[in-house]
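What follows is each chain in one-letter form.
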Amino acid sequence: GRGRFLARPISGISYCLAWLLILTVEGGSGNFPRVAALPLRSDDAGVEAFAAGFSVICGGYILMSCSLQYWFYAGQQGTVAEWKVQPDKKGGAGSAAYSLWLPLISRLPATHDASGCIIDCAQSKVRAKDHWLLSSINLVMASSFAGSVAHLCVRERTRMVFSLKDAGGMVGLLGWTGAAFAIHNIAEYYWHRLMHHRFFYARAHKLHHFYKSPEPFDDLYMHPVEAVGYYLILYSPPFTVPIHALGFALYMTVMGLCGVLDHAGVRMRVPGLYNTEDHDLHHSKFEVNYAFPHPLMDILHGTFSGTCMGISFPYPPRKTWFSLRGPVSGGQETGR
């Protein structure tokens, strides 16, 4: 079943704990821990927080992507039909799956085909010629955003709180964490829809849609300007709501896992909440499933195709009262 594929290759626990290394956890009143900021007046604290945030995102991304690549694309090549969303496009499930692929060194084992695309190994994964450059830039940017936010949090330059009392009790902690998820889902949806406008698609978002069946390490292939928009949305909660540090750690864990899994090409789902097949369909069909990670915004705007809470939504989707003007993505293209 699909469940066994979710538990073994990666663990959200380690990702969450890594975020908590940015902050110091102390015992507090009652049975609930109080998370205290690192020494606010210390310049070293800010530097250490930046380094921790940078390392968590950069290292976590590489670890998660490599885990998926080796567990599925290298270790389960004989059962592709069972776990791959688009099993007819095996892509990296070949000899390239056994080689270490990192953005900065991706060109070393590669050759180019007639169209200028990088071929890691014969009969295997094909990457865009500038994949290594854009992926490297975006990974450094994402990690730098994380480091900067961590630095600002420990120096009390954000609205983040570090005690249960300041968070408004357990209700406040859960409520503001939920608000962070809601703000992200809404902003992410409209930013993604904007990227599918003819002007932005042709000049930026078209790069990301080069891959019609995305696999590990394909998610960072996007225009840096588009990436900045996503990162501003992703790291906005500490600046917009009084979110507790533990709530932000949970938020980042979920977003980090879903962001990588959405572009892994692997079937994984949490019934009623998340399904990797939704975004995979977006890469192949363009005009559906813009929302991340929950499909509610797609459902409200009539852009969802798939199954949610046992209800099937057909393709192409039906219009709703909240439907916007039809997206313009430049038409479906021949992709990889």
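**Description of the overall build of the protein chain**
Counting its regular elements, the protein chain contains 12 helices and nine strands. Considering the protein chain as a whole, with its 336 residues, one finds that 50% of them fall into the buried category. Within the protein chain, residue pairs in contact and separated by at least 24 positions form 70% of the contacts whose partners lie at least 6 positions apart. Surface exposure of the protein chain reaches about 15500 Å², of which carbon and sulfur atoms provide 64%.

**Some remarks on the confidence of the model for the protein chain**
The share of residues in the protein chain with pLDDT of 70 or more is 71%, and the mean pLDDT across the chain is 80. The least confident element of the protein chain, judged by mean pLDDT, is strand β1 (residues 24-26) at 37; the most confident is helix α8 (residues 224-234) at 97. In this model, residues 1-18 is a region of pLDDT below 50 whose contacts with residues beyond four sequence positions or in other chains number 34 contacts. This model gives residues 21-41 a pLDDT under 50, and the stretch forms 44 contacts once residues within four places in sequence are excluded.

**Re the packing of helix α5 (residues 131-154) against α8**
It is the contact of α5 with α8, at a shortest axis distance of 10 Å, that shows an interaxial angle of 25°. In this view, α5 runs roughly parallel relative to α8, as classed from their interaxial angle. The way α5 lies across α8 gives a crossing that is right-handed. On α8, the residues that touch L134, I137, N138, M141, A142 and F145 of α5 are P224, A227, V228, Y231 and L232. Considering only residue class, the contact of α5 with α8 consists of 10 nonpolar, one polar and no charged.

Reading the values: the criteria
Residues numbered from 1 in each chain as written. Predicted model: local features only at pLDDT ≥ 70, side-chain atom pairs only at ≥ 80, totals over all residues. Heavy atoms only, no water. Helix = DSSP H or I, 4+ residues; strand = E, 2+ residues; numbered from the N terminus. Buried < 20%, exposed > 50% of the residue type's maximum accessible area, 1.4 Å probe, protein only. Contact = heavy atoms within 4.5 Å. Areas by Shrake-Rupley, 256 points an atom, 1.4 Å probe, with all protein chains shown as cover. pLDDT = per-residue confidence, 0-100. Axes fitted to C-alpha atoms, helices over the stretch in contact; angles between N-to-C directions. Parallel < 35°, antiparallel > 145°, perpendicular 65-115°, else oblique. Left-handed = near helix turned anticlockwise from the far one by under 90°. Nonpolar A, V, L, I, M, F, W, Y, C, P; charged D, E, K, R; others polar.

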